[in-house]
Amino acid sequence: MSTQLIQQLLQSPEPAVRYKVLTRVLGQDPNSAEVQAAQEAIRTSPRVQQLLSERDSDGRLPHHPYTKWDGAHWVLAGLADLGYPPGDTSLIPLREQVLDWLLGPAHQKSIRVMDGRTRRCASQEGNAVYSLLALGLADERVDELAGRLARWQWPDGGWNCDRHPEAHHSSFHETLIPLRGLAWHARLTGNTQSRAAAGRAAEVFLQRRLYKRLSDGSIIDADFMRLHYPSYWHYDVLSGLKVLQEAGYLADPRCQEALAWLVARELPSGGWPADKAYYRVTDKRMSGRSLADWGGTSTRRLNEFVTADALAVLTAAGWGDW
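Quick caveat, the model's predicted, so the values are computed rather than measured. (Residues numbered from 1 in each chain as written. Predicted model: local features only at pLDDT ≥ 70, side-chain atom pairs only at ≥ 80, totals over all residues. Heavy atoms only, no water.)

### Examining the overall build of the protein chain
For step 1, the next point in the chain: Per the secondary structure count, the protein chain includes 14 helices and four strands.
For step 2, the next point in the chain: With respect to the three principal axes, the spread of C-alpha positions in the protein chain is 55 × 55 × 40 Å.
For step 3, the next point in the chain: Here the protein chain holds 322 residues, and the buried ones make up 56% of them.
For step 4, the next point in the chain: As presented, the protein chain carries roughly 13,600 Å² of accessible surface, and 50% of it is formed by carbon and sulfur atoms. (Helix = DSSP H or I, 4+ residues; strand = E, 2+ residues; numbered from the N terminus. Buried < 20%, exposed > 50% of the residue type's maximum accessible area, 1.4 Å probe, protein only. Areas by Shrake-Rupley, 256 points an atom, 1.4 Å probe, with all protein chains shown as cover.)

In structure tokens form, the structure reads like this:
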């Protein structure tokens, strides 16, 4: 592991990067003064303030919760991934926006079952479970969402919103985030149903070495082999490794090829780039709009968020001296 790279990240003006490196790469005590200071600084950081800047006097965002990428659903998921301090009651209005939507009658009516499979964009429920648990804002309604995910799980272990009757395999995009949410739910609540469902979901990725077709070993999708931050609902190999690490499956030998690929993607100058962005930084109201800049893309320059996540995964896998 490059000491110079670690020091560069620890000097980042972005406290979320410093927090991730301190806790997930260097393994410092979460209760230490340095870690606590870094996490607390996330609360008032420029990016977080940008994400929350459109809240009204009631603390709500003036968009549908799923509006990409400035609705409450995405804002809470973004805050959780940054390591925002848990227990902030000022975020409760955003929680209510998300839960009112996902548990409301209109959403319930949109759920379709075809050929015995529930066709759901389960990343929606998955992100809500994950973000509200990570942010310390979960209540019994989050347990209900986790239960729904387990009930909707397809026979092969994942989820898919494809309503074509011939669709009978789970989607990587729609399976990764539910896996994340259920793994968090199992860990924090001890729920055995969530733990079992997370284990079945992990197999969707492990059986395919995180990016290969079962039929011939070819790459499932070229975009899986690109690096992104944030990845939102999209799947890529780094996101897969990150969630499998959180869920406790990174030691599985079927992760080895993906880990080797990640090592090979390190830039000659150190660090990892963002190959592609799913967002556009703009004040204009449009789908895919982000009020925060996440470091952009480059073929030669590292992206601090991608690099922090890559280092965390490789450290957890015991590849810290690659």
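### Digging into the side chain of threonine 118
For step 1, the next point in the chain: As for its placement among the helices and strands, threonine 118 is situated in strand E2 (residues 117–119).
For step 2, the next point in the chain: What makes threonine 118 buried here is its relative accessible area of 10%.
For step 3, the next point in the chain: When near neighbours in sequence (up to four residues on either side) are disregarded, threonine 118 contacts Ile111, Arg112, Val113, Trp152, Trp154 and Asn160. (Contact = heavy atoms within 4.5 Å.)

### Remarks on the layout of surface pockets
For step 1, the next point in the chain: In this structure, the largest pocket occupies an estimated 480 Å³ of space.
For step 2, the next point in the chain: In this structure, the largest pocket is lined by 21 residues; those nearest its centre are Tyr19, Arg24, Trp184, Arg187 and Glu246.
For step 3, the next point in the chain: Within the residue set of the lining of the largest pocket, elements represented by two or more residues are helix H2 (15–25), helix H5 (72–82), helix H8 (123–134), helix H10 (172–189), helix H12 (237–247) and helix H14 (304–316).
For step 4, the next point in the chain: Residues belonging to the lining of the largest pocket are distributed by class as follows: 10 nonpolar, four polar and seven charged. (1 Å grid on protein atoms, 1.4 Å probe; cavity = no way out; pocket = protein on both sides within 12 Å on 5 of 7 lines; lining within 4 Å. Points joined across faces, edges and corners; volume = space filled by probe spheres on them. Nonpolar A, V, L, I, M, F, W, Y, C, P; charged D, E, K, R; others polar.)

### Brief notes about the packing of aromatic side chains
For step 1, the next point in the chain: Under the counting rule described, the total for this entry stands at 14 aromatic pairs.
For step 2, the next point in the chain: Aromatic side chains tryptophan 74 and tyrosine 232 sit 5.8 Å apart centroid to centroid with 85° between the ring planes, which places their arrangement in the edge-to-face category. One end of the pair, tryptophan 74, is in helix H5; the other, tyrosine 232, is in the loop between helix H11 (192–206) and H12, and 158 residues separate them in sequence.
For step 3, the next point in the chain: Here tyrosine 232 falls in the buried class, since its relative accessible area comes to 13%.
For step 4, the next point in the chain: Each member of the aromatic cluster is reached from another via a ring pair, and the members are Tyr66, Trp69, Trp74, Trp101 and Tyr232.
For step 5, the next point in the chain: Sitting over the ring of tryptophan 184, arginine 187 keeps its end group 4.6 Å from the ring centre. (Phe/Tyr/Trp six-rings, centres within 6.5 Å; stacked < 30°, edge-to-face > 60°. Lys NZ or Arg CZ within 6 Å of the ring centre and 35° of its normal.)

### Observations concerning helix H9 (residues 140–152)
For step 1, the next point in the chain: Its 13 residues place the ends of H9 19 Å apart at the C-alpha level, agreeing with the 18 Å of an ideal helix rising 1.5 Å per residue.
For step 2, the next point in the chain: For H9, the complete set of buried residues consists of Val142, Leu145, Ala146, Gly147, Arg148, Leu149, Ala150 and Trp152.
For step 3, the next point in the chain: Buried residues in H9 make contact with helix H6 (92–102), helix H7 (105–109), E2, H8, H10 and H11. (Expected span 1.5 Å × (residues − 1).)

### So, the packing of helix H1 (residues 3–10) against H14
For any two helices packed against each other, one specifies the crossing angle of their axes together with the interaxial distance.
For step 1, the next point in the chain: For the pair H1 and H14, the least separation of the axes is 11 Å and the interaxial angle reads 125°. In terms of axis orientation, H1 runs oblique to H14. The handedness of the crossing between H1 and H14 comes out as left-handed. Counting all contacts with H1, which are made through Leu5, Ile6 and Leu9, the residues of H14 involved are Glu304, Thr307 and Leu311. (Axes fitted to C-alpha atoms, helices over the stretch in contact; angles between N-to-C directions. Parallel < 35°, antiparallel > 145°, perpendicular 65-115°, else oblique. Left-handed = near helix turned anticlockwise from the far one by under 90°.)

### Description of the packing of H8 against H10
For step 1, the next point in the chain: Following both chains from N to C, one finds H8 and H10 inclined at 35°, their axes separated by 7 Å at the closest point. With respect to the hand of their crossing, H8 and H10 are arranged in left-handed fashion. Contacts between H8 and H10 involve Ser123, Gly126, Asn127, Val129, Tyr130, Leu133 and Ala134 from the first element and His173, Glu174, Ile177, Pro178, Arg180, Gly181, Trp184, His185 and Leu188 from the second.
For step 2, the next point in the chain: A class-by-class count of the residues in the contact of H8 with H10 yields eight nonpolar, six polar and two charged.

### Some points on unusual backbone geometry
For step 1, the next point in the chain: The linkage connecting lysine 68 with the following residue, tryptophan 69, adopts the cis geometry, with an omega of -5°.
For step 2, the next point in the chain: Of note, tryptophan 69 is situated in the loop between helix H4 (46–51) and H5.
For step 3, the next point in the chain: Even without a glycine there, the phi angle at aspartate 115 is positive, about 50°.
For step 4, the next point in the chain: Residue position: aspartate 115 is located in the loop between strand E1 (112–114) and E2.
For step 5, the next point in the chain: On the basis of relative accessibility, which here comes to 58%, the residue aspartate 115 falls in the exposed class.
For step 6, the next point in the chain: In the Ramachandran plot, arginine 209 falls in the positive-phi region, its phi being about 55° despite a non-glycine side chain.
For step 7, the next point in the chain: Residue placement: arginine 209 occurs in the loop between H11 and H12.
For step 8, the next point in the chain: Its relative accessible area of 31% is what places arginine 209 among the partly exposed residues.

### Description of the pattern of salt bridges
For step 1, the next point in the chain: Enumeration over the complete set of coordinates arrives at 25 salt bridges.
For step 2, the next point in the chain: Residue arginine 289 is joined to aspartate 70 by a salt bridge in which the shortest nitrogen-to-oxygen separation is 2.4 Å. Taken together, the positions of arginine 289 in strand E4 (residues 289–290) and aspartate 70 in the loop between H4 and H5 put the pair 219 residues apart, joining distant regions of the chain. The pair formed by arginine 289 and aspartate 70 is uniform in burial state, with each residue classed as buried.
For step 3, the next point in the chain: Of the charged contacts, one joins lysine 242 and aspartate 81 as a salt bridge, the two residues approaching to 2.9 Å between their closest N and O atoms. Taken together, the residues lysine 242 in helix H12 and aspartate 81 in helix H5 connect sequence positions 161 residues apart. (Salt bridge = Lys/Arg side-chain N within 4 Å of Asp/Glu carboxyl O.)

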